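# Descriptive analysis of the structure
These are the residues of each chain, in order.
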Amino acid sequence: MKLPIGNVLWLHQISRFPRIFTCPSRIVPARLASSHQHDSHDKNAPAKKDYDDPWDNVPPAAGGPLRKANLNDFPIPKGSWQEDFNRRQRLGNLQMGLGLLFFGGTVFYLWYKDPLNFEKVFGPYKYMKNPPAFKSPVLEPNILREFMSPTETVDQLQTSARAQQPAAEKPKLVTKVDPSKIPEIPNHVPYLIVGGGTAAFSAFRSIRANEPTAAVLVISNEPYYPYMRPPLSKELYFTDDAHRKDLRFKPMHGKERSVFFEHEEFYVDPKMLPFTENGGVAVLRNMTVTSLDPKSQKVSLKNGWDIYYDRLLLATGGTPRSLPCLEKAGPDVANNITIYRDIEDFKKLDAATKKVKKVVIIGGGFLGSELACALAHRGKSTGLEVHQIFPEKGVLARVLPEYLSDWTTRKMQNEKVKVYAEKFVVSAKYSNGQVVMQMNDGQEISADHVVVAVGLSPNTQFASSAGLEVDEVLGGYKVNAELAACENIWVAGDVASFFDVTLGRRRMEHHDHAIATGRVAGENMVGKKNSFWHQSMFWSDLGPEIGFEAVGLVDSSLDTVAVFAQNQPVAMEAEGDNAKSSSYRPLQMPGQNEEYSKGVIFYLKDKIIVGVLLWNLFDHVSVARKVIKEQKTFDDLSDLAKLFDLHEEKNAKENSDKNKEKEAGDKSKDNKKKE
């Protein structure tokens with residue numbers, strides 16, 4: 001039977017208001033589709049309409065005529081209708097609250113008691129919030145039963161542990177074990193870091209911040225816990241003997257602190273790392289990794305022990321370069337040479353410069369120039385002579401424009417540093433208690449002690465055995481945007497060749513870069529997928545009149561545009577290989593007698609600013625990063641100069657030093673409580 005449209009609308013309204021339109025004892029719902037009431041048995045109803053009403057053909061209900069329902073058909077509530085409505089609302093709210101309380105209690109019970117053993121199915125790594133992409137082929141061997149054997153030695157334990165590796169299983173957490181019967185080196189760790197420098201420190205701090213119960217093992221070839229390297233060529237030489245002996249220094253406008261990032265009590269004994277309930281960080285010192293097997297997820301140590309890992313970070317840094325002519329000069333020459341890099345080199349040079357009268361520094365880069373200024377400062381009170389040899393025209397010639405490099409060289413000469421520019425050593429010998437070196441022009445120079453600071457070679461010794469890709473141009477391991485070299489292996493610090501979305505592929509050897517890459521790598525090791533986009537900065541201090549910060553591609557081979565604060569209108573310059581043929585507007589070239597007290601140097605590539613150097617101008621690094629990110633062009637120079645207040649009266653160096661300490665990771669409190 002087909003119903004007209006009115007019937008359909010009538011059924012729809014009945015479904016919406018079931019209590020208002022009821023059908024008790026032959027009472028049918030009122031018609032809502034039409035605009036009036038109509039009873040076919042009403043004698044007063046019109047006999048005929050001039051329109052078709054679909055209700056005309058509906059037969060009356062059996063047992064009586066149609067009648068509209070009224071309030072008399074509903075039970076009368078106790079009290080008013082409003083009171084009845086409020087009572088029903090309270091009853092409904094109570095039922096909903098009890099239901100939510102029961103549901104929440106059920107979920108909490110399932111989580112707390114785990115009666116259905118969800119953890120065995122979904123969480124096999126009980127103490128890892130972010131398990132690896134796939135299980136390690138070999139986990140920690142079950143050697144707990146050997147720990148309870150009073151007759152077994154540590155060597156026997158290590159031998160039996162190696163034999164059990166193929167059929168290994170992850171050990172359970174134990175609270176009471178005999179430390180004398182535990183192997184000195186854990187067989188398996190969730191997080192392994194090869195390298196004990198700044199990048200390693202930043203990485204394990206990031207891992208622990210995102211996973212407080214993480215167990216991290218750091219393998220370092222040095223006898224020290226992670227420390228910062230910049231003070232080794234700067235502040236420590238301006239510190240008194242008592243503090244310098246304890247490797248403590250006081251940065252400019254800052255409080256006294258140690259070169260070490262954390263106290264020794266912060267770290268866990270490596271052999272107790274698997275048995276520490278809340279995890280921790282252990283440093284295996286004076287140990288070298290000889291090989292890496294990504295397929296088996298293990299590293300081999302020089303003592304023959306294998307360590308299996310779930311996730312690995314390579315922060316191996318670099319090895320300082322030497323000169324072939326010095327290496328061939330014999331043991332007497334070698335005993336009087338310091339290839340400068342770490343704390344041991346600092347101690348050796350610090351002790352030597354207290355006894356000798358003449359020091360020669362080979363190298364005109366950051367490290368060589370900073371050491372020359374630091375030792376010249378000491379020489380003012382001790383009579384120490386400082387000489388510096390480098391093949392470039394001036395100090396920092398690969399970074400600074402030629403005119404600024406020449407000006408800096410003159411300033412260093414004023415600080416009693418004797419400079420030998422455009423010269424290099426071709427041979428050396430030991431004679432009369434001194435190292436005698438011959439330079440390329442035939443001139444000879446003698447020294448009581450020689451310091452070599454000619455750059456760094458990234459440590460990529462695992463490339464061939466592990467199948468990792470090496471950047472043939474820049475050096476270092478090639479990594480993706482997340483600093484991953486391959487599955488479950490990340491790279492950070494000096495040894496990472498990363499792709500900068502703004503400036504292309506790069507590799508950097510600076511403190512801030514180690515902090516930034518270590519932090520991002522650590523976050524990604526615990527399961528995040530953060531891309532590395534940070535524009536790392538670097539800084540240098542050369543005597544009392546020279547200090548600068550820089551961001552981006554800072555290379556003297558690029559075209560440069562500079563703005564300096566002077567008494568006359570702002571002077572600017574453009575130079576570089578393409579300066580003469582460029583379409584830049586004519587700019588005033590700097591004179592030889594110019595004083596560059598404060599300024600900004602923009603480095604250009606295809607008229608795009610790719611680097612910014614802040615000369616004696618501090619606390620503007622964030623602005624420089626923004627300029628590089630926005631890909632500003634040469635035409636924007638007049639507007640860009642307004643962003644750097646070159647004529648500000650206050651010295652922002654204090655804020656800059658505080659920012660450097662913050663970026664260096666000086667957030668850890670001085671306490672002697674282990675995590």
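The structure under discussion appears in the preceding block.
Quick notes on the rules
Residues numbered from 1 in each chain as written. Predicted model: local features only at pLDDT ≥ 70, side-chain atom pairs only at ≥ 80, totals over all residues. Heavy atoms only, no water. Helix = DSSP H or I, 4+ residues; strand = E, 2+ residues; numbered from the N terminus. Buried < 20%, exposed > 50% of the residue type's maximum accessible area, 1.4 Å probe, protein only. Contact = heavy atoms within 4.5 Å. Areas by Shrake-Rupley, 256 points an atom, 1.4 Å probe, with all protein chains shown as cover. Right-handed = clockwise from strand over helix to strand, strands pointing away. Pairing = 2+ DSSP bridges. Polar contact = N/O pair within 3.5 Å; in protein donor to acceptor, adjacent residues only side chain to side chain. Salt bridge = Lys/Arg side-chain N within 4 Å of Asp/Glu carboxyl O. Axes fitted to C-alpha atoms, helices over the stretch in contact; angles between N-to-C directions. Patch = residues over 30% accessible without salt bridge, like charges linked within 9 Å, V, L, I, M, F, W, Y side chains within 5 Å. Phe/Tyr/Trp six-rings, centres within 6.5 Å; stacked < 30°, edge-to-face > 60°. Expected span 1.5 Å × (residues − 1).

This part is about the overall build of the protein chain. Secondary structure summary: the protein chain contains 17 helices and 29 strands in total. A buried classification covers 48% of the 675 residues belonging to the protein chain. In the protein chain, of all internal contacts separated by at least 6 residues, the share reaching a separation of at least 24 is 66%. A total of about 35,600 Å² of accessible surface is found on the protein chain, and carbon and sulfur atoms cover 53% of it.

Let us now look at the pairing of strand β2 (residues 215-219). Of all five residues in β2, five are buried; the element is thus mostly enclosed. Of the two faces of β2, both are covered, the one formed by Ala215, Leu217 and Ile219 as well as the one formed by Val216 and Val218. Following the backbone out of strand β1 (residues 188-194), through helix α6 (residues 198-210) and into the adjacent parallel β2, one traces a crossover that is right-handed. With five bridges connecting them, β2 and strand β5 (residues 280-284) associate as parallel partners. Bridge pairing in β5 links valine 216 to valine 281.

Looking at the secondary structure, you find serine 206 in helix α6. When its relative accessible area of 6% is taken as the criterion, serine 206 is described as buried. Of note is the side chain of serine 206, whose polar atom sits 3.3 Å from the backbone nitrogen of glutamate 523. With residues near it in sequence (within four places) discarded, serine 206 still touches Arg519, Gly522 and Glu523.

Under the defined criterion, the tally for this structure stands at 21 salt bridges. We note a salt bridge from aspartate 350 to lysine 354, for which the minimum N-O separation is 3.7 Å.

Pairing is parallel across the open sheet formed by five strands, whose spatial order is β10-β17-β11-β12-β13. Of all the strands in the sheet, the pair left with one neighbour each is β10 (337-339) and β13 (417-420). For this sheet the average axis-to-axis angle between neighbouring strands, irrespective of direction, equals 20°. Note that strand β11 (residues 358-362) and strand β17 (residues 449-452) share four bridges and pair parallel. Bridging across to β17, valine 359 finds its partner in histidine 449.

A grouping of Phe108, Trp111 and Tyr112 is seen on the molecular surface, where their side chains present a nonpolar patch of about 440 Å² in accessible area. Tracing the chain through its elements places phenylalanine 108 in helix α2 (residues 81-113).

Across four bridges, strand β6 (residues 289-293) lies against strand β7 (residues 298-301) in antiparallel orientation. Note that in β7 the partner of leucine 292 across the bridge is valine 299. Hairpin connection, β6 to β7: the antiparallel pair is bridged by four residues, and glutamine 297 has positive phi, about 55°.

Aromatic ring pairs: the centre-centre distance and the angle between the two ring planes describe each pair. Scanning the entire structure with this criterion turns up 21 aromatic pairs. Plain terms: the ring middles of tyrosine 224 and phenylalanine 260 are 6.2 Å apart, the flat faces sit at 40° to each other, and that makes the pair tilted. Of this pair, tyrosine 224 sits in the loop between β2 and α7 (241-245) while phenylalanine 260 sits in the loop between β4 (257-258) and β5, and the two are 36 residues apart along the sequence. Residue tyrosine 224 is classed as buried on the basis of its relative accessible area, which comes to 15%. Seen from their ring centres, tryptophan 407 and tryptophan 615 are 6.0 Å apart, and the 65° between their planes marks the pair as edge-to-face. Separated by 208 residues along the polypeptide, tryptophan 407 in helix α12 (residues 402-414) and tryptophan 615 in strand β29 (residues 608-615) bring together distant segments of the chain. Just as tryptophan 407 is buried, tryptophan 615 falls in that class too.

Attention shifts here to unusual backbone geometry. Although it is not a glycine, asparagine 488 sits at a positive phi angle of roughly 65°. Note on placement: asparagine 488 falls in the loop between β20 (484-486) and β21 (489-491). Phi is positive for asparagine 616, close to 55°, though the residue is something other than glycine. Along the chain, the position of asparagine 616 falls in the loop between β29 and α15 (621-629).

Turning next to helix α14 (residues 511-525). Because the α-helix completes a turn every 3.6 residues, residues three or four places apart line up on one side. The end-to-end C-alpha separation of α14 is 21 Å, in line with the 21 Å expected for 15 residues at 1.5 Å each. Burial within α14 is extensive, with 14 of its 15 residues counted as buried.

All right, on to the environment of histidine 534 then. For histidine 534, the position within the fold is in the loop between α14 and β24 (537-541). Judged by its relative accessible area of 17%, histidine 534 falls in the buried class. Sequence-wise, histidine 534 and valine 520 are 14 residues apart; in three dimensions their C-alpha atoms are separated by 9.6 Å. Each residue touching histidine 534, except ones within four places of it in the same chain, is listed here: Asp512, Ala516 and Arg625. Looking at histidine 534, its side chain comes within polar contact range of the side chain of aspartate 512, at 3.2 Å. Engagement of the side chain of histidine 534 in a polar contact is seen with the side chain of arginine 625, the distance being 3.3 Å.

Before going further, it helps to spend a moment on the sheet that holds strand β23 (residues 504-506). Taken in spatial order, the three strands of this open sheet run β19-β22-β23, and their pairing is mixed. The strands lining the two open edges of the sheet, one partner per strand, are β19 (477-478) and β23. With three bridges joining them, strand β22 (residues 496-500) and β23 adopt antiparallel strand pairing. Across the sheet, phenylalanine 498 pairs through a bridge with arginine 506, a residue of β23.

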